[in-house]
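Survey of secondary and tertiary structure
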Amino acid sequence: YVNDPRLLSREHNFVSINATLSVDFLGQCASETLGGQYYSSSGGQVDFARGAMYSEGGQGFIVLHSTAAAGSVSRIVPKFGPGEVVTNSKNTVDKVVTEFGVAELRSRTVRERTAALIAIGLCALSVVPYLALRSKAMHPRELEKRPAEAKAIKEQFQRRQDSKWFYIGLAIAA
C-alpha cells in the first residue's frame, strides 16, 4: 500500500530520491548488484520513481557517487557488465545526481543522455576509453607527461569539487 505508485502519484509535486550503485549511458540503474554479485535489494525504488514520474509536477532523483574505490572505478559506465541487474529502466529515470551536478534524462535521446551523464561523471576508467574513441581525448596516463595540462585539469576538477553541494542543492530545489 505504501509503495503503490498509483497512490504516490496523487501527491502533487511528489519527489523521490533513490540511491543507486551504477548508471549506464542509457540511464538505466543497477541498484542491486556490484560486479554481477547481489549487494542489496531494490526496496521501493521503482515504485517511488514511478510515483514521482506520474505525479503532477513530480520529480525523481537517482543519486550516486561518480566513482568508487578512491576514484579508480567509474560508477557511470557505457554499458553494464555481465550479471548486472537493471533495477530502474531508462524510461523511469528522470534526473541523475552526482557530486558534479545533475543530468536531466527524461525525454532525452541516447546521445543527449550519454553527454549529460559524462558531464556529471569523473570520466574514469570505463568512460575514458569511450571518450578517447569519440573525441580523441587524452588518457590520464598521457597527462602525467604534460604537467601544465594536468595542472589545469586538476584546477578545473577542484572547482567542480568546491561547487558540488551547490549542484546538489540546485537539484533538490528544481
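Refer to the structure presented above.
Residues numbered from 1 in each chain as written. Predicted model: local features only at pLDDT ≥ 70, side-chain atom pairs only at ≥ 80, totals over all residues. Heavy atoms only, no water.

It is worth spelling out the overall build of the chain at this point. Scanning the chain from N- to C-terminus turns up seven helices and eleven strands. Buried positions account for 41% of the 174 residues belonging to the chain. Taking contacts inside the chain between residues at least 6 apart in sequence as the whole, the part at least 24 apart equals 69%. Only carbon and sulfur atoms are counted for the fraction: they give 56% of the accessible area of the chain, which is about 10200 Å². (Helix = DSSP H or I, 4+ residues; strand = E, 2+ residues; numbered from the N terminus. Buried < 20%, exposed > 50% of the residue type's maximum accessible area, 1.4 Å probe, protein only. Contact = heavy atoms within 4.5 Å. Areas by Shrake-Rupley, 256 points an atom, 1.4 Å probe, with all protein chains shown as cover.)

Turning our attention to the pairing of strand β11 (residues 101–104). By the alternation rule, side chains of β11 split into Gly101 and Ala103, which are all buried, and Val102 and Glu104, of which none is buried. With four bridges joining them, strand β10 (residues 95–98) and β11 adopt antiparallel strand pairing. Residue pairing across strands places Val96 opposite Ala103, the latter belonging to β11. The hairpin formed by β10 and β11 contains two residues between the paired strands. (Pairing = 2+ DSSP bridges.)

The next point concerns the layout of surface pockets. The space that makes up the second largest pocket amounts to roughly 210 Å³. Only β4 (33–34) and β8 (73–74) provide two or more residues apiece to the lining of the second largest pocket. Residues of the lining of the second largest pocket, tallied by class, amount to seven nonpolar, seven polar and three charged. (1 Å grid on protein atoms, 1.4 Å probe; cavity = no way out; pocket = protein on both sides within 12 Å on 5 of 7 lines; lining within 4 Å. Points joined across faces, edges and corners; volume = space filled by probe spheres on them. Nonpolar A, V, L, I, M, F, W, Y, C, P; charged D, E, K, R; others polar.)

Quick look at the sheet that holds strand β3 (residues 29–30) now. Here we have three strands laid out as an open sheet, ordered β3-β2-β9, and mixed in their pairing. Pairing within the sheet leaves two strands with one partner each, and these edge strands are β3 and β9 (76–77). Bridge count between strand β2 (residues 22–24) and β3: two bridges; the pairing is antiparallel. In the sheet register, Val23 faces β3, and the bridge partner there is Cys29.

So, on to the pattern of salt bridges. Throughout the structure, instances matching the rule amount to three salt bridges. Ionic pairing is found between Arg6 and Asp4, a salt bridge with its closest N-O pair at 3.0 Å. Exposure remark for Asp4: the relative accessible area of 18% places this residue in the buried category. Asp94 is the salt-bridge partner of Arg106, the closest N and O atoms lying 3.4 Å from each other. (Salt bridge = Lys/Arg side-chain N within 4 Å of Asp/Glu carboxyl O.)

Looking now at unusual backbone geometry. Unlike most non-glycine residues, Asn13 shows phi in positive territory, near 60 degrees. Relative to the assigned elements, Asn13 resides in the loop between α1 (5–8) and β1 (15–19). Judged by relative accessible area, which is 53%, Asn13 ranks as exposed.

A few words now on the sheet that holds β11. Strand order in the open sheet formed by four strands is β1-β6-β10-β11, with mixed pairing between adjacent strands. Each of the sheet's edge strands pairs with one partner strand only, and the pair in question is β1 and β11. Ignoring strand direction, the axes of neighbouring strands in this sheet form an average angle of 25 degrees. Note: strand β6 (residues 59–63) against β10, three bridges, orientation parallel. (Axes fitted to C-alpha atoms, helices over the stretch in contact; angles between N-to-C directions.)

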